Amino acid sequence: MATLYVSPHPDDFRSLLALIAAEFCPSSRPRTITEDPPASLNARSRPTLVLGTGESDSVLSGASAVSWYLALQGKRAGVDTKQQSQVWQWLSFADNELTPVSSAVVFPLLGVMGMDKKLQQSSRAELMRVLKVLDQALEPRTFLVGESVTLADMGVATAVLLPFKYVLEPSDRKVLTNVTRWFTTCINQPQFVKVLGKIALCEKMVPVTPKTNAAANGSHATPAAVDSVDATANGPPKTEAQLKKEAKKREKLEKFQQKKEMEAKKKPAAEKKAKPEKKELGVITYNVPTPSGDKKDVISPLPDSYSPQYVEAAWYQWWEKQGFFKPEYGRESISDQNPRGIFMMCIPPPNVTGSLHLGHALTNAIQDSLTRWHRMRGETTLWNPGCDHAGIATQVVVEKKLMRERGMSRHDLGRENFIEEVWKWKNEKGDRIYHQLKKLGSSLDWDRACFTMDPKLSYAVQEAFIRMHDEGVIYRSKRLVNWSCSLNSAISDIEVDKKELTGRTLLPVPGYKEKVEFGVLVSFAYKVDGSDEEVVVATTRIETMLGDTAVAVHPADSRYQHLKGKMVLHPFCDRKMPIVFDDFVDMSFGTGAVKITPAHDHNDYEVGERHNLAFINILDENGLLINVPPPSWYSGMKRFEARKAVLQALKDRGQFKEIKDNPMVVPVCSRSKDIVEPLLKPQWYVNCTDMGKQAADAVREGQLKIIPDHHLKTWFNWMDNIRDWCISRQLWWGHRIPAYFVTVNDSSVKPGEDMDGHYWVCGRTEEEAREKAAKRFNVSADKITLRQDEDVLDTWFSSGIFPFSIFGWPNETQDLNVFYPGTLLETGHDILFFWVARMVMMGLKLTGKLPFKEVYLHAVVRDAHGRKMSKSLGNVIDPLDVITGISLEGLHAQLTDSNLDPLEVEKAKQGQKSDYPSGIPECGTDALRFALCAYTSQGRDINLDVNRILGYRHFCNKLWNAVKFAMKTLGDNFVPSEKAKLCGEESVSDRWILSRLSAAVGLCDAAFKAYDFPAITTAIYNFWLYELCDVYLESVKPVFSKAEEDSTSQRQALVCRQTLYTCLEVGLRLLSPIMPFVTEELYQRLPRRRPQTDPPSISVTSYPDTEEFCWHSEEVDRDMEFIMSVVKTIRSLRADYNLTKTRADCYLQCIDSATASLVQKYSLQIQTLSYSQAIIPLTANQPVPEGCAVAIASDRCTVNLMLKGIIDVEKEVAKLMTKKGDLEKQMEKLTEKMSKSDYKEKVPVKVQEQDAEKLRQSQTELEKVKEAMDNFRKMM
């Protein structure tokens, strides 16, 4: 076992990093020791990890090496080489950028080093600068690398841990929104919590007394840098002189704090000036009178800022009225051959009782984006809506309504009247979810909307049952089912929640005043017939012993061999029960003897079948005891009251042995919260053996593709081991089973039993069923009496035929011929078996065709902390609340109106208060859709952070402002060329942005085809924000400002306008499938290339493709990447010297003439983007004028910013001295690391290459720093 040596200091962030990394590899977590490693190990610092024997060749020392090894073990170092490189980069960022500056700010507060007020202030400013860089990087991300926690997050989070605890006040955290959101997410991960405990964030930056022991909050800890903290915390008693010195220091700190407080009091006035920023989230409404379905006014000027309420008004009704969502749009007949193909997808029909939740929002964001993309590609596109009748859920809702409003049960009303009430409720409330789907922008063909109880679909369900029954695939049998006593119905596996208990637990059960005990194992004895021996058995359901008919032991169990052929006696009646020998018994559990209740346990049922045991049913449909032995008062007793009575009776007879805690899983009905009871009932079953094999083979042979493919294992496991499917439900609302029990009024035919399939016939009408019965029993029809089955079909049965029943199957309709089989089925992976598999099986069985070609399974939505959405946690969010915004009080009110008990309501309110202290701001539909698509990596879970959705609302605002600015630049008289093409006169900026546009088109095309939604959102986001807005629009401002100077300038401006228009028009089309509202609003304001023939809406305009936009140039991209590194370096230098308004000359010393020529070619762009006075390229041998600040842009170019007469030279020399010292330390550390004897063997080659490159770059930078110092000294 490995041993991890760490510091006991709670603030030793390097040791904390190692401990957190260890938590992520639970199977191989090392033993932790909070002391120095033995001297024999030659380990210079903690953390140290000793692998195996403890010899020198198995020791890792230092936070980076230890955490990297542990992260690899826990699969947290990146899923591929690209991610591993990114993780390593972030670790370097933490070590080289964050740790030094964090230590410089925090250590004086902890008393580790002296307090230099000036130095600490400058260090604090530098810390904020570095954190702002991190904040920008985190804007589009939840985690630093990939979609889950990696070592990158651990390393950077521990590097900023001390600043968050001691330095970053609420006002700082407000500025660092993304960093704070990310840090909070990290420290709430269970692995972080286990090591760090609960972290209290800094309220005020003041000196602190460091804790000496981390045991209290579960922390451990070390770094080399913080070894001095240990010394302070655990050192010897202080002398009088030291105490005096500390008193003076405290006095100084108090004065410093008083000064800070005085400054803080002055701040409000300054803060008021910054308030206009909030205007961005203002609510602007669309007030132009527009009849529903008419086109929105696009003549009025655009509002100053983006407002979802304004943008989302009126468009949907117009799209719907124009028929854009119908496959018939733009073509004479859907039957006409379309060379671009057909795209058909049906919606996973939501429950008619349902209300939209984030799972629906995710499903619809993905499905609508795909549908809109296919439609824009010119394919005949249909996304078919529908709604499921939701048998149990709907019946429960209407029964509660009846009882609440009229004090009546369904039985009081009778079946027909009750079903009328359900239809009435459905017609009043049932289309609510359709309105919500429209709010999400879902481009469904509403004229084809289907309800599973509609006559068309009901006929298909009836036909499917009859055909499958006639083939013998559907049959009658008496078996164990999941029974809900509250609902009086069998329920499907998906409606059974598995509640895990760790031991004795009291649970509420409907119909019982007191909570019922679960999670205990009761042992009792059965006496062996004809001897003094007894056999001890154990059970978690003691009441079921009333129905026991055997005791089972393992055939190889030597303890019971002598009892072969023996019987045990039931203590409450004269029932003799055999001792049977069966392999299913676990010899090591308890006594190795098991009671067998075949009528009330799934495993026991199979044992009963194998050994021909009696099946004694002791419970009726209401959970009351029947068929029980004396005393007579057992009969009619409630099952869980019988639990206590049986236990007491066993004690009275001296056969009770013990009760002990027992971890177990309790099956709970998700609808009624009742405890599910296995019950023997005659039911209808589907024989799935052959259909399951066909479904498995379809995937194995590549006819059906499941994406992502990590779900294949689950698919094959289910299909290859499939059980027959119970399809009857004891409800009134649903498709009544078209089967009739036959009674023959003829003495030659013996009466049948309910479970005997021979006495059941089915038919489309009672007359058809009668004819079938007469033929089967060879009697005349008048001798046949029929009784239709009272039961209805499982809702999943009608859902299973949904892909073809919606098109009128079994009738040969045009829609069925054109749109079946469909193209794609997109849904959550949690219903892969319950719905997807059954559609595949029933499609193959009833139509001979697969219902779709591909299945794309999206992830499950969790909250920002990775927790499952749960009402009791207060983290279930209605997407409409994200779209329109809601206050914290509004969120609380939703909890008050829910069915949670008061304790859970209070807990949920705390969760809401923690996650949404100011409520949820209005984000809008487009931002929500974009965020959901950005999160949808092909994993199993999505941790959804509402703050990140707000970030995409800000993106909409930037988009809005960019298009407004660009339209102003284009001017009212601008006429775009008829086709997007190069004219040959484009500037370098034009060529570059068109290259990036083409790259974005290529990325989106490939990503849509691969269902890689984060790649789509990243490509579009980067193009609009970082390339078009940040670079191109800025770089071409001089072109437009000089447009009227001469004919050459006019021509250049015209070319630039055409480029800008192409970027806007194509950029909006790229974004349209994901953000339909804002793109339509902005697109309608742009002039058209061909006004007479161009489509009326962006939603039916062609999606950009790589054939048309084929201008991607790697050379141009490479050149601009280099130029931007120069620009960023100049900007960084300007920021360092606080040159906010002053423009300075910039001398760019290039390594060779080719680089100098490149800089000259882009000099206007560099000058504009870096706010420089002039750009002067120099070759390596040309001297740089004295008085410049120096920075390395790359190994090809050094930036020299003329500062003579502008800044304090002595101060700059001091800064360079510090930088020189840092570089020398860094190089010394690297050299020492690389010169170790085992470096070549132990360190991965990739890391060795990175170390060598880092050393080379540091060497070059050091030379430049020395050169800069010499230059400044010449100025002194």
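Residues numbered from 1 in each chain as written. Predicted model: local features only at pLDDT ≥ 70, side-chain atom pairs only at ≥ 80, totals over all residues. Heavy atoms only, no water.

### Comments concerning the sheet that holds strand β3 (residues 48-50)
And then number 1: Spatially, the four strands line up as an open sheet ordered β2-β1-β3-β4, and their pairing is mixed. Edge positions in the sheet fall to β2 (31-33) and β4 (59-61), since each has one partner strand and no second. Across the sheet, the axes of successive neighbouring strands diverge by a mean angle of 20°, strand direction being ignored.
And then number 2: The pairing of strand β1 (residues 3-5) with β2 spans three bridges and is parallel. Paired with Thr3 across the bridge in β2 is Arg31. (Pairing = 2+ DSSP bridges. Helix = DSSP H or I, 4+ residues; strand = E, 2+ residues; numbered from the N terminus. Axes fitted to C-alpha atoms, helices over the stretch in contact; angles between N-to-C directions.)

### A closer look at the nonpolar core
And then number 1: Phe955, Trp1024, Leu1148 and Ile1166 are the most contacted members of the largest nonpolar core, which has 160 residues in total.
And then number 2: The biggest single contributor to this core is helix α35 (residues 1013-1035), with 13 residues.
And then number 3: Non-local contacts of Leu1148, meaning those with residues more than four positions away in its chain, are made with Val1126, Ile1130, Val1159, Ile1166, Ile1175, Ile1176, Pro1177, Leu1178, Cys1197, Thr1198 and Val1199.
And then number 4: With 79 residues, the next largest nonpolar core counts Met344, Cys688, Trp715 and Leu832 among its residues. (Core = buried A, V, L, I, M, F, W, Y, C linked by side-chain atoms within 4.5 Å. Buried < 20%, exposed > 50% of the residue type's maximum accessible area, 1.4 Å probe, protein only. Contact = heavy atoms within 4.5 Å.)

### Some points on unusual backbone geometry
Trans peptide bonds make up the majority, and among non-glycine residues the majority have a negative phi.
And then number 1: The amide bond that connects Trp809 to the next residue, Pro810, takes the cis arrangement and shows omega of 10°.
And then number 2: With respect to the helices, strands and loops of the structure, Pro810 is situated in the loop between α26 (802-805) and α27 (814-819).
And then number 3: For Asn612, which is not glycine, the phi torsion reads 55° and is therefore positive.
And then number 4: Relative to the assigned elements, Asn612 resides in the loop between α20 (602-610) and α21 (639-652).
And then number 5: Taking relative accessible area as the criterion, Asn612 reaches 70% and is therefore assigned exposed.
And then number 6: Located in the positive-phi region is Asn627, a residue other than glycine, with phi close to 50°.
And then number 7: Within the element layout of this structure, Asn627 appears in the loop between α20 and α21.

### Quick look at the sheet that holds strand β27 (residues 760-762)
And then number 1: Strand order in the open sheet formed by three strands is β27-β26-β28, and the pairing between neighbours is antiparallel. The open sheet has two free edges, formed respectively by β27 and β28 (784-788), since each of these has just one partner strand. If you compare each strand with its neighbour and ignore which way they point, the axes differ by 40° on average.
And then number 2: One ladder, built from five bridges, connects strand β26 (residues 739-744) with β28; its direction is antiparallel. Considered in β28, the bridge of Phe741 is made with Arg787.
And then number 3: Sitting on the sheet, helix α19 (residues 455-470) touches β26 and β27, and the angle it makes with β27 is about 135°.
And then number 4: Helix α24 (residues 766-777) rests against β26, β27 and β28 of the sheet, and its axis sits at about 135° to β27.

### Comments concerning the pattern of salt bridges
And then number 1: Enumeration over the complete set of coordinates arrives at 69 salt bridges.
And then number 2: For the salt bridge of Glu463 with Arg467, the shortest nitrogen-to-oxygen distance reads 2.9 Å. Of the two residues, Glu463 and Arg467 both sit in helix α19, four residues apart, roughly one turn of that helix.
And then number 3: A single network of salt bridges, built from pairs that share partners, joins Lys326, Glu328, Asp445, Asp447, Arg448 and Asp815. (Salt bridge = Lys/Arg side-chain N within 4 Å of Asp/Glu carboxyl O.)

### With respect to the packing of helix α1 (residues 13-23) against helix α2 (residues 63-73)
And then number 1: At a minimum axis separation of 8 Å, α1 and α2 run at an interaxial angle of 10°. Considering their axes alone, α1 and α2 lie roughly parallel with respect to each other. Along the contact surface, α1 presents Arg14, Leu17, Ala18, Ala21 and Ala22, while α2 presents Ala63, Val66, Ser67, Leu70 and Ala71.
And then number 2: Considered class by class, the residues forming the contact of α1 with α2 number eight nonpolar, one polar and one charged. (Parallel < 35°, antiparallel > 145°, perpendicular 65-115°, else oblique. Nonpolar A, V, L, I, M, F, W, Y, C, P; charged D, E, K, R; others polar.)

### Regarding the side chain of Asn364
And then number 1: In this structure, Asn364 sits in helix α14 (residues 358-376).
And then number 2: Beyond its immediate sequence surroundings of up to four residues, Asn364 is in contact with Ile347, Trp383, Leu437, Leu440 and Ser442.

### Considerations on the packing of aromatic side chains
And then number 1: Evaluated as defined, the whole model comprises 49 aromatic pairs.
And then number 2: Geometrically, the ring pair formed by Trp318 and Phe324 is edge-to-face, given 5.3 Å between the ring centres and 85° between the ring planes.
And then number 3: Seen in terms of ring centroids, Tyr856 and Tyr1011 are 5.0 Å apart; in terms of plane orientation they differ by 20°. Their pairing is stacked. Linking Tyr856 in strand β31 (residues 854-858) with Tyr1011 in the loop between α34 (988-1009) and α35, this pair joins segments that are 155 residues apart in sequence. The same class applies to Tyr856 as to Tyr1011, namely buried.
And then number 4: An aromatic cluster is present here, built from Trp373, Tyr856, Phe1008, Tyr1011, Phe1013 and Tyr1103 joined pairwise through their rings.
And then number 5: Between Lys638 and the ring centre of Tyr512, over which it is positioned, the NZ or CZ distance is 4.9 Å. (Phe/Tyr/Trp six-rings, centres within 6.5 Å; stacked < 30°, edge-to-face > 60°. Lys NZ or Arg CZ within 6 Å of the ring centre and 35° of its normal.)

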